[in-house]
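# Breakdown of the fold
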Amino acid sequence: MPYVSFLRYAALASHAYLPTYTTTDRGDPLTGLKILGTGSYVPENSVTNKMFECIVDTSDEWISSRTGIKARCISDGETDLFMARTAAESAIKCAKVKKSEIGVIICATITNEYITPSLSCLLQRDLALKEEALVFDINAACSGFVYALNLAYSLLRSSSGKYALIVGSEVLSKIVDFSDRDTCVLFGDGAGAVVVKLCRNAPFLFNAGAKGDDNLLYCPGIIRKKSPFSKTDHEQAPPFLHMDGSEVFRFAVDSIKKSVTAVLDKARLKPEDIDHFVLHQANARIINMAAKRLGAPPDKFFMNIYKRGNTSAASIPIALDELNKSGKLKKGEKIILAGFGAGLTYGAVYFSW
Ligand code: ACO
């Protein structure tokens, strides 16, 4: 082996020549994650703040100034499955991949029609995806999509599939109490999807966490029925979302700062090095405050909350698709996604376009 090649070989073996971002936190060299295609679907039925003035004691002025929301799309019969399928078909088309090479299918949702089967299994059936795949849903609320990206990254490393399909799909209007002004004006419905693959020399860094809590943000589950064997009646609240807005606001800003700073540190980057921040769209004030706390220019933070509201696990992939389709994403640009929400959960990922 010539001397120069030997040096190059030695550097390769120690990974010393690699920029730090090509190494994951576990110390695994070389392989990151690339998003190949995006897709989304939102219901046609756009509901303005003015329309809420007719059903609860609120005003367009209050909603816009406290949240940045002007309208949100609310399902008029579209199911999680219909929206997930439409978004996924569009992402697969955009990625130009063979459906038969998709080996991981993950849906992030808290509103699937069924307790079982999972939304992912129904998506596999409807899209005629292959049988030999890992197919399951995750419940991490508004952090679901970033959790799912990291899961896909790990699973692709050990599965035979070449690509992973990740979908966030929510019909939140099913679990919103439309007589509760504290919550009903905030949420919207929709789905977003991406197709990803492992890619050499692509950065992919992740940070996430949870602070288990069923007081600040929760939605009761299946109504418990008295069984023929129980002695007492169990009272249970109807399945509607409940939220302590100001506490969740504080948690959101803190967790964004924490998780985004963690991935920036791992990547040895500064906020100004990032081209696009795509945060969970819960409140424009949360996004602006997070930008300020991070010391990053607010114009790098994508926002579609004014027309979409908070769509939980669907919000980040919908935002990513809208950013992508607007033509504003350029090859090689550095992107950070960050989610936070019920659980309480939070997480951020860094990758390049
Ligand atoms: N219209 C008019 N007044 C309202 C409305 C409304 N729709 N909703 C609440 N108010 C009133 C309250 O009753 C309260 O009145 P009071 O002072 O007389 O008691 C007043 O407005 C102020 O309420 P706050 O809760 O202090 O208002 P705040 O400025 O905190 O805004 C909001 C509330 C928008 C909910 C904000 O706290 C927020 O965005 N929180 C975070 C939400 C979030 O990030 N959720 C995350 C994930 S969701 C998921 O995981 C599914």
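For the structure, see preceding data.
Residues numbered from 1 in each chain as written. Predicted model: local features only at pLDDT ≥ 70, side-chain atom pairs only at ≥ 80, totals over all residues. Heavy atoms only, no water.

## Examining the pairing of strand β12 (residues 334-341)
Buried residues dominate β12, accounting for seven of its eight residues. In the sheet, strand β11 (residues 276-279) pairs with β12 via four bridges, with the strands oriented parallel. Pairing of His276 across the sheet is with Ile335, part of β12. In this structure, β12 lies alongside strand β13 (residues 345-352), joined through eight bridges in antiparallel fashion. Looking at β13, one finds that Ile336 is bridged to Tyr350. Taken together, β12 and the strand that follows it, β13, pair antiparallel across an intervening segment of three residues, in which Gly343 is found at a positive phi of about 140°. (Buried < 20%, exposed > 50% of the residue type's maximum accessible area, 1.4 Å probe, protein only. Helix = DSSP H or I, 4+ residues; strand = E, 2+ residues; numbered from the N terminus. Pairing = 2+ DSSP bridges.)

## With respect to the packing of aromatic side chains
Within this structure, the stated rule accounts for five aromatic pairs. Residues Phe52 and Phe178 carry aromatic rings whose centres are separated by 6.3 Å and whose planes lie at 25° to one another, so their mutual orientation is stacked. In this pair, Phe52 is assigned in helix α2 (residues 49-53) and Phe178 in the loop between β6 (163-170) and α7 (181-184), connecting sequence segments 126 residues apart. Exposure remark for Phe178: the relative accessible area of 31% places this residue in the partly exposed category. (Phe/Tyr/Trp six-rings, centres within 6.5 Å; stacked < 30°, edge-to-face > 60°.)

## Some details on the sheet that holds strand β5 (residues 134-138)
Pairing is mixed in the open sheet, where five strands are placed in the order β1-β7-β6-β4-β5. Edge strands, defined here as strands with exactly one partner in the open sheet, are β1 (31-41) and β5. Across the sheet, the axes of successive neighbouring strands diverge by a mean angle of 20°, strand direction being ignored. With respect to the sheet, helix α6 (residues 144-158) is in contact with β1, β4 (102-108), β5, β6 and β7 (190-200), its orientation differing from that of β7 by roughly 35°. The strands that helix α11 (residues 315-325) touches are β1, β6 and β7; relative to β1, the one it contacts most, it runs at about 90°. (Axes fitted to C-alpha atoms, helices over the stretch in contact; angles between N-to-C directions. Contact = heavy atoms within 4.5 Å.)

## Focus: the site of the ligand
Close to the ligand lie 26 residues; Thr58, Arg66, Cys142, Gly245 and Asn283 are nearest. Within the side chain of Asn283, a nitrogen or oxygen atom sits 2.7 Å from an oxygen atom of the ligand. Separating an oxygen atom of the ligand from a backbone N or O atom of Ala342 is a distance of 3.0 Å. In the complex, the protein chains occlude 75% of the 1000 Å² of accessible area that the ligand would expose alone. Elements with a minimum of two residues in the shell around the ligand: α3 (60-67), α7, α8 (245-267), α9 (284-294) and β12. At four residues, the largest contribution of residues to the shell around the ligand is made by α8. Residues belonging to the shell around the ligand are distributed by class as follows: 14 nonpolar, seven polar and five charged. (Near = heavy atom within 4 Å. Polar contact = N/O pair within 3.5 Å; in protein donor to acceptor, adjacent residues only side chain to side chain. Areas by Shrake-Rupley, 256 points an atom, 1.4 Å probe, with all protein chains shown as cover. Nonpolar A, V, L, I, M, F, W, Y, C, P; charged D, E, K, R; others polar.)

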